[in-house]
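Here are the chains, one letter per residue:
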Amino acid sequence: MKNFSTWILVMFMVMFWVLRIAIAISYEMGESFGGIQPFNQTMEIVLLFVVLACMLLIVKRKMIGALIYLLAYGMYFGTDLMTGISTLMSSTVEITTSSMGLYLRTFVSLIGIAIPLAVLFDLLLDKNRKANPKDKKTDWFYQNEQFDRQVDERADKNNYRTM
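Residues numbered from 1 in each chain as written. Predicted model: local features only at pLDDT ≥ 70, side-chain atom pairs only at ≥ 80, totals over all residues. Heavy atoms only, no water.

Visitor: Describe the pattern of salt bridges, listing the residues and the values that go with them.
Guide: A full pass over the atoms with the stated rule returns three salt bridges. Linking Asp122 and Arg61 is a salt bridge whose minimum nitrogen-to-oxygen distance equals 3.8 Å. Highlighted residues: Asp122 in helix H4 (residues 97-131) and Arg61 in the loop between helix H2 (41-59) and helix H3 (63-90), separated in sequence by 61 residues. The residues Asp122 and Arg61 share a single accessibility class, namely buried. For the salt bridge of Arg105 with Asp80, the shortest nitrogen-to-oxygen distance reads 3.2 Å. Of this pair, Arg105 sits in helix H4 while Asp80 sits in helix H3, and the two are 25 residues apart along the sequence. Residue classification places Asp80 among the buried positions, given a relative accessible area of 15%. (Salt bridge = Lys/Arg side-chain N within 4 Å of Asp/Glu carboxyl O. Helix = DSSP H or I, 4+ residues; strand = E, 2+ residues; numbered from the N terminus. Buried < 20%, exposed > 50% of the residue type's maximum accessible area, 1.4 Å probe, protein only.)

Below is the structure:
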């Protein structure tokens, strides 16, 4: 992880993961964490462990980690995001306490989709740099054919000894 953007995205992933842990624990205690409740408690707990494994793969720059992360969060948050957006677009109700919960759930779902997309794009854009790293200290020597020594038939092929 050489890029600053990758470090920032991993920090956002960890913070969102900790938020989801706090939501799951507070729901198990019978309370809501700031009005946010998990959509499915068992799926939430399974997803926490899957995301932990995905974070390790993403830190190691493996594309499969980002794909699994996007797929898992896309299936979990995607349906709620689409439902929330369609409900908010079609409703003409004033902002009340119950609609604020819907806004909050939709916002958390949007974050749950945006972070995996950003991680996937970061890995896709950085894939080429990992495959062909540029090192300015040595590339001038190893990747310039104009400095290669041209050997012709007049080259001295004798091995002289100095004894």
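From this point, the discussion proceeds with the structure in view.
Visitor: Describe helix H1 (residues 4-28), listing the residues and the values that go with them.
Guide: Over its 25 residues, H1 extends 36 Å from the first C-alpha to the last, a length consistent with the 36 Å expected when each residue adds 1.5 Å. When we look at burial in H1, the residues that qualify are Thr6, Leu9, Val10, Met13, Phe16, Trp17, Arg20, Ile23, Ala24 and Ser26. Note on H1: the residue one or two positions beyond its end, Gly30, has a positive phi of about 90°. (Expected span 1.5 Å × (residues − 1).)

Visitor: Quick one: what's the story with the packing of H1 against H3, residue by residue and with numbers?
Guide: Where H1 contacts H3, the two axes come as close as 15 Å, and the packing angle between them is 40°. Here H1 is positioned oblique relative to H3, judged by the angle of their axes. When you trace H1 past H3, the crossing you get is left-handed. Facing H1, whose interface residues are Met13, Phe16 and Arg20, H3 presents Tyr69, Tyr73, Tyr76 and Phe77. Split by residue class, the contact of H1 with H3 holds six nonpolar, no polar and one charged. (Axes fitted to C-alpha atoms, helices over the stretch in contact; angles between N-to-C directions. Parallel < 35°, antiparallel > 145°, perpendicular 65-115°, else oblique. Left-handed = near helix turned anticlockwise from the far one by under 90°. Contact = heavy atoms within 4.5 Å. Nonpolar A, V, L, I, M, F, W, Y, C, P; charged D, E, K, R; others polar.)

Visitor: Can you break down H2 residue by residue, with the values?
Guide: For H2, which comprises 19 residues, the first-to-last C-alpha distance of 27 Å matches the rise-based estimate of 27 Å (1.5 Å per residue) to within 8%. Here H2 has its buried residues at Gln41, Glu44, Leu47, Leu48, Val51, Cys54, Met55 and Ile58. Around the axis of H2, the buried residues are gathered within 140° of arc, so they sit on the same side. Exposed residues lying more than 90 degrees from the buried face of H2 are Thr42, Phe49 and Leu56. Trailing H2 by a residue or two, Arg61 shows a phi angle of about 70°, which is positive. (Arc of directions from axis to C-beta.)

Visitor: Describe the nonpolar core, naming the residues involved and giving the relevant values.
Guide: By size, the foremost hydrophobic cluster in this structure holds 28 residues, and its most contacted members are Met13, Val51, Ile58, Tyr69, Tyr73, Phe77 and Val119. When residues of this core are traced back to their parent elements, those giving at least two are H1, H2, H3 and H4. Residues in contact with Phe77, not counting those within four places in the same chain, are Phe16, Arg20, Phe39, Val108, Ser109, Gly112 and Ile113. (Core = buried A, V, L, I, M, F, W, Y, C linked by side-chain atoms within 4.5 Å.)

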